[in-house]
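Chains, contacts and geometry: an overview
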Amino acid sequence: FVLEFSLESHDERVRRAFGKPYGNAEVEATLQAALQAGARRLDVFFMIGLAEQTAQSVLDTVAYSGELIERFGARLHPFISPLAPFVDPGSRAFEQPERYGYRFFCRTLEEHRQALVQPSWKYVLNYETEWMNRDQIVDSTYEAGLRLNRLKAECGVIEQVQAGRTEARILKARRLIAQVDDIMSIQDIERRAKLLRAIKPQI
C-alpha cells in the first residue's frame, strides 16, 4: 500500500504556524512505523508560501528530504510545491491576513476570476507573505524543484531519464516565466497582448 503524508515544512516553527504542532521526531517515528507495517511507498508533501517560511527554509526542506531518503530509503518520495494558486477564501489566513502574515492580491470573486486568466502562475497567485514576496515564492519553487529532482535521481528514487526530462521542463518554465515578466512590464497594452499571444503555445 501507498501512504501520503502532508508535512507542509521540515521547520517545526513553520508547521506550528500552520496549526500542526508535532515535531520532526514524531514525524519520523510515524514514517518508520508505516514502513514497518508494510508500506510499499511513502509520498511526503511539503509546501511553499507558508507563514514564517523564508526562501532559505524552503531550501532547507529539500535538504531535510535528502536526510529522510538516506534514513528510510527509496520507498520515500518527497514532493514540494507552492500553496497555490489561492489561499482559500474563508480560511483563517484569508479572513485574518495580518495575524497570519499574508498579503492578498485578490479578495473578491471577480478578482479571483481575473487572476485565473493571467499568462503565468505567478500572476494567478492571490497572495504573498511577510517572509516571501510573490517573486521569491516563484523563484524558490523552481530552485527547490530543481534541487529535489536532482536529489531524488542521485538517491535512486527516480530514474535518471525521468530526472533529465523533469529538469528540462523546470528550466524551460523558468525561462518562460521570466519572458512573461518582461512582457508584462510593457506599458503598451496592445503590444503586450500581441507578445503574450505569440508565446502562448509555448506556455
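Scroll up for the structure.
Below: a short report on this structure.

1. Focus: the nonpolar core
A general trend in soluble globular proteins is that nonpolar side chains are found buried together. Ranked by internal contacts, the top residues of the largest apolar core, which has 46 residues, are Leu31, Val87, Tyr102 and Tyr127. Considering every element that reaches this core, the biggest residue donor is helix 8 (residues 134-154), with 8 residues. Ignoring sequence-local partners within four residues, the contact set of Leu31 consists of Phe5, Leu42, Val44, Leu68, Phe72 and Leu76. Residues Val180, Ile183, Leu196 and Ile199 belong to the second largest nonpolar core, which totals 5 residues.

2. Examining the packing of aromatic side chains
Per the stated rule, a full pass over the model turns up 5 aromatic pairs. Taken together, a centroid distance of 5.1 Å and an interplanar angle of 15° make the contact between Phe45 and Phe79 stacked. Of this pair, Phe45 sits in strand 2 (residues 41-48) while Phe79 sits in strand 3 (residues 76-82), and the two are 34 residues apart along the sequence. On the accessibility criterion, Phe79 (26% relative accessible area) is partly exposed. Look at Tyr102 and Phe104: their rings are 6.0 Å apart centre to centre, the planes differ by 15°, and that puts the pair in the stacked class. Take Tyr102 and Phe104: they sit in the same class, and that class is buried. Site record: aromatic cluster; members linked through ring pairs are Phe94, Tyr102, Phe104 and Tyr127. Taking the ring centre of Phe94 as reference, the NZ or CZ of Arg107 above it sits at 4.0 Å.

3. Regarding the packing of helix 8 against helix 9 (residues 160-184)
Packing of helix 8 against helix 9 brings their axes to within 9 Å, and their N-to-C directions diverge by 165°. Relative to helix 9, the element helix 8 lies roughly antiparallel. In this structure, helix 8 meets helix 9 at a crossing whose hand is left-handed. Judged by residue contacts, Asp135, Val138, Asp139, Tyr142, Glu143, Gly145, Leu146, Asn149, Arg150, Ala153 and Glu154 of helix 8 engage Gln160, Ala163, Thr166, Glu167, Ile170, Leu171, Ala173, Arg174, Ile177 and Asp181 from helix 9. Classifying every residue of the contact of helix 8 with helix 9 gives 9 nonpolar, 4 polar and 8 charged.

4. So, the packing of helix 9 against helix 10 (residues 189-199)
The interhelical angle for the contact between helix 9 and helix 10, taken along N-to-C directions, is 165°, at an axis separation of 9 Å. In terms of orientation, helix 9 lies roughly antiparallel with respect to helix 10. Crossing handedness for the pair helix 9 and helix 10: left-handed. Residues Gln179, Val180, Ile183 and Met184 of helix 9 form the contact with helix 10, whose own contacting residues are Arg192, Leu195, Leu196 and Ile199.

The rules we used
Residues numbered from 1 in each chain as written. Predicted model: local features only at pLDDT ≥ 70, side-chain atom pairs only at ≥ 80, totals over all residues. Heavy atoms only, no water. Core = buried A, V, L, I, M, F, W, Y, C linked by side-chain atoms within 4.5 Å. Buried < 20%, exposed > 50% of the residue type's maximum accessible area, 1.4 Å probe, protein only. Helix = DSSP H or I, 4+ residues; strand = E, 2+ residues; numbered from the N terminus. Contact = heavy atoms within 4.5 Å. Phe/Tyr/Trp six-rings, centres within 6.5 Å; stacked < 30°, edge-to-face > 60°. Lys NZ or Arg CZ within 6 Å of the ring centre and 35° of its normal. Axes fitted to C-alpha atoms, helices over the stretch in contact; angles between N-to-C directions. Parallel < 35°, antiparallel > 145°, perpendicular 65-115°, else oblique. Left-handed = near helix turned anticlockwise from the far one by under 90°. Nonpolar A, V, L, I, M, F, W, Y, C, P; charged D, E, K, R; others polar.

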